[in-house]
Amino acid sequence: MPIEFKHIEMVGRLAKDEEIKGFEDYGRTAVFINKPGDIQYKIKSLSTKNDVAEEQFTGYISSIRNLEFVDDQYSAPEDRVKAFSDFYSKSLFVFSHKIDSMGNVKVDVADVLTRPLVIDENTKFVAIPCFSGKTQCDKIDANGSWPLFREYDNFGEFFQRLVENKTVGRIYNFQINDATSFPEFIVWSDSRKMCAIGPIKSASRTAMDSLMIQINIENYCEINLDDEDDDILEYIVQSPSNPSVIHIAEKKYIDIINRIAQKVEENNAAHTAQAASTVNLPKREESDRDQQNSVSQGAPVAQEPPSDDLRELPTEKSETAIFKFFRYHSQKNKLFYSPKDIVNFHTAIKTGNLVILSGMSGTGKSALVDTYAKALGIGKSNVLMIPVRPSWNDDSDLLGYVDLVHMVYRPSDTGFINKIVEASRPENKDKLYLICLDEMNLARVEHYFSQFLSILERPVGARELVLYDEQYANQLYNSSKYPQQVSIGDNVKFVGTVNIDESTYHFSDKVLDRANVISLEVLDYSQPNNWKEDKYRAANTPEWSNEDFGKLIKKDDAQLQNQTRIREFLWEMHTLLHGTNANLGVGPRIVKSIEMYLRNLPEGDTEYVLSEAEGLDYQVAQRVLTKIRGPEEQLKELFQTHEQKNALITLLDKFNDISKFERCRQAITQKEKELKVYGYCL
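The structure reproduced in this document is the subject of the present report. (Residues numbered from 1 in each chain as written. Predicted model: local features only at pLDDT ≥ 70, side-chain atom pairs only at ≥ 80, totals over all residues. Heavy atoms only, no water.)

With 17 residues, helix H19 (residues 662-678) should cover 24 Å at 1.5 Å per step; its first-to-last C-alpha distance of 24 Å lies within 8% of that length. All buried positions along H19 are accounted for by Cys664, Ile668, Lys671, Glu672, Glu674 and Leu675. One side of H19 holds all its buried residues, which, seen down the axis, span an arc of 160°. Those residues of H19 that are exposed and aimed more than 90 degrees away from the buried face are Glu662, Gln666, Lys676 and Val677. Elements that come into contact with the buried residues of H19 comprise helix H16 (612-624), strand S25 (630-631), helix H17 (632-635), helix H18 (647-654) and strand S26 (680-681). Positive backbone phi, approximately 75°, marks glycine 679, located one or two places after H19. (Helix = DSSP H or I, 4+ residues; strand = E, 2+ residues; numbered from the N terminus. Expected span 1.5 Å × (residues − 1). Buried < 20%, exposed > 50% of the residue type's maximum accessible area, 1.4 Å probe, protein only. Arc of directions from axis to C-beta. Contact = heavy atoms within 4.5 Å.)

Laid out in structure tokens, this is it:
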């Protein structure tokens, strides 16, 4: 059963513990931390005169559209609950709800407003249709999300349609029901006037969902709502996201109805016939407007200022902000990484299609991926960790297969293809996704990841993943959900983690040619400063879109500081390696990847930077030296023997002016040890 959306806007407040069913028997509370570790809460409805029977609605912190509360996920659960309850204790929630497949009533989206001082926590509200001019509607309609059928230059134009019994436009999230929510009056609001119009004879919706309203012109009345001598505006709330509905406190709603009835009686008493013949229609007004209506909206109560010893986290989106939020989230989880490793990983993600994290077990490879996603504000639902199984031997284990018996596509239980299909949908193209193949070398990557190794090298627009043969495209029952081809956009980032031991497979050149293999450094934990935890003020991590992230990538061919020398060095490295093995060397693909990486090294004055020389050192170690492996007999020309010096070290010394090559020297020394001990280099 699909989710059913109830398009009815309501007003509510945070429920109290004693109002929750099961509070006394089971200790259920209005606000608590759910199993995924997120804040969950109950809203008590304050709306009346609608056909919604439910009084309480389940909400999540992600349901709040104008979220200003900062949830410190690293605080104790009881502190988080108290902070949320205190922050919204004097707020009103203007929300719509949905009923899921299990029958649970949940908040769909909510806007939070400060409760006006004149309104107590148990005040009931009545929803009323509200019409306004083009200026107000255009501000809401900037993204095409409010296709209003009728826009007005002024009140006179709107009133004329009422008189002529024509459709007046679409009202969102308002229920027309003769028994419960039939509007006894409507509201006009623009920068010039705000008034209630009534009484209403009838209201209905057309087939196109536009509203038909009939008024009795003989008994027509206007009640000014923005009179300086009146306090009605203080009893009105309106979501900034929906200009077509306002909510009036019930006692003021009744007061307006009584005032309309009193005016009708006065008109009748004067002379019904004469009143009908002398009704003065409002004059047309100018169409220019210079302000929004003055409906009370307010903002959430601000938090207390932090202590002076807490570090500030940035609110803007920048590479420096990414690193600061990475440090914040990693330290909260008692994880400590070398800043240069994080810059290296981030730059590799920006410029490469596949990043592989290597290193001894327990260095935090998988946790690094999760923390990086948090630093970018990528939601949990957009991060997929896939534990690779040793039994995988072709891509059907990762993707799925065609079930010809039942004529359906059976996706793998890894969730991989579901996430790829989700990321390819037009509405998700600007969302970032992170997919991690955990311990990816437990099976042969070249077998189960074979399609991707070729696809990821193609331009973004040409990266098409083929799920099944074209002949089944219109025959499978679920082909609409799982199309024959799925486009792999640049909004999906692929990462793998590996352990190198006797239970794993080594990578072929096909994999190494296409990936940055990053070996994480183990920080010296004997030094207190390496595991020092900074204190931060809690903050909401900015959510990066794919467009935001793409702006960080420099795609031009700008000249590197030492480009000529770098190419000379890479060519001599290629000549040296190629002389020992015809299949070994530094090809054009690797040269382009290294230069792209160096152009995109982050700049700044923090510890999260790499110089061009350091970046070159990392890239040669990750993209070139990883391919040097084999028996001593084959590699003896490269490494030190009794008769000759180490040819690789000699080459690094020759180009010492462009880099010290510290990591490369460490890698070469390690390979030299392996040759002496095992007679084979891994």
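Time to look at the pairing of strand S15 (residues 245-249). In regular strands, side chains alternate between the two faces of the sheet. Where burial is concerned, most of S15 is hidden: five out of the five residues are buried. Neither face of S15 is exposed, since Val245, His247 and Ala249 on one face and Ile246 and Ile248 on the opposite face are all buried. Note: strand S8 (residues 125-131) against S15, five bridges, orientation antiparallel. Looking at S15, one finds that isoleucine 128 is bridged to isoleucine 246. The sheet contact formed by strand S14 (residues 236-237) and S15 spans two bridges and is antiparallel. What sits directly across from valine 237, in S15, is histidine 247. (Pairing = 2+ DSSP bridges.)

This part covers a nonpolar patch on the surface. Where nonpolar side chains cluster on the molecular surface, the patch consists of Met360, Val522, Tyr525 and Trp531 and spans about 490 Å² of accessible area. As for its placement among the helices and strands, methionine 360 is situated in the loop between strand S16 (354-358) and helix H8 (365-375). Using a relative accessible area of 55% as the deciding quantity, one classes methionine 360 as exposed. (Patch = residues over 30% accessible without salt bridge, like charges linked within 9 Å, V, L, I, M, F, W, Y side chains within 5 Å. Areas by Shrake-Rupley, 256 points an atom, 1.4 Å probe, with all protein chains shown as cover. Salt bridge = Lys/Arg side-chain N within 4 Å of Asp/Glu carboxyl O.)

On the basis of which strands lie adjacent, the open sheet formed by five strands has the order S17-S20-S23-S16-S24 and parallel pairing. The strands lining the two open edges of the sheet, one partner per strand, are strand S17 (383-387) and strand S24 (516-519). Direction aside, neighbouring strands of the sheet carry axes that sit 20° apart on average. In the sheet, S16 pairs with strand S23 (residues 492-497) via four bridges, with the strands oriented parallel. Residue pairing across strands places isoleucine 356 opposite glycine 496, the latter belonging to S23. On the sheet, helix H9 (residues 416-424) packs against S17, strand S20 (433-438) and S23 and is oriented at approximately 160° with respect to S20. (Axes fitted to C-alpha atoms, helices over the stretch in contact; angles between N-to-C directions.)

Another aspect to go through is the nonpolar core. Formed by 70 residues in total, the largest nonpolar core has its most connected members in Phe569 and Val620. Among residues more than four places away in sequence, those in contact with valine 620 are Phe569, Leu570, Met573, Leu625, Phe661 and Cys664. Ranked by size, the runner-up nonpolar core spans 43 residues in total, among them Leu399, Leu437, Val486 and Ile488. (Core = buried A, V, L, I, M, F, W, Y, C linked by side-chain atoms within 4.5 Å.)

Another aspect to go through is the packing of helix H6 (residues 319-332) against H8. Interhelical geometry of H6 versus H8 gives an angle of 125° and a closest axis separation of 8 Å. As judged from the angle between their axes, H6 and H8 are oblique. The hand of the H6/H8 crossing is right-handed. Of the residues in H8, those touching H6 at Ile322, Phe325, Phe326, His329 and Ser330 are Leu368, Thr371, Tyr372, Lys374 and Ala375. (Parallel < 35°, antiparallel > 145°, perpendicular 65-115°, else oblique. Left-handed = near helix turned anticlockwise from the far one by under 90°.)

Turning our eyes to something else, we now look at the packing of aromatic side chains. Taken as a whole and assessed by the stated rule, the structure comprises 35 aromatic pairs. Where phenylalanine 185 meets tyrosine 253, the ring centres are 5.5 Å apart and the plane angle is 35°; that geometry is what we call tilted. Of this pair, phenylalanine 185 sits in the loop between helix H4 (155-163) and strand S9 (186-189) while tyrosine 253 is found in helix H5 (residues 250-277), placing the two residues 68 residues apart along the sequence. Judged by relative accessible area, phenylalanine 185 falls into the buried class, the value being 0%. Judged by its relative accessible area of 4%, tyrosine 253 falls in the buried class. The structure contains a cluster of three or more aromatic residues connected by ring pairs, namely Tyr41, Phe69, Phe84, Phe87, Tyr88 and Phe93. (Phe/Tyr/Trp six-rings, centres within 6.5 Å; stacked < 30°, edge-to-face > 60°.)

Gaps left between atoms show up when a probe the size of a water molecule is rolled over them. Each pocket or cavity is described by its volume, and for the second largest pocket that value is around 1000 Å³. Along its surface, the second largest pocket is lined by 32 residues, and Ser358, Ile500, Ser519, Lys671 and Leu682 are the ones closest to its centre. Within the residue set of the lining of the second largest pocket, elements represented by two or more residues are S24, H16 and H19. Grouping the amino acids of the lining of the second largest pocket by side-chain chemistry returns 15 nonpolar, eleven polar and six charged. (1 Å grid on protein atoms, 1.4 Å probe; cavity = no way out; pocket = protein on both sides within 12 Å on 5 of 7 lines; lining within 4 Å. Points joined across faces, edges and corners; volume = space filled by probe spheres on them. Nonpolar A, V, L, I, M, F, W, Y, C, P; charged D, E, K, R; others polar.)

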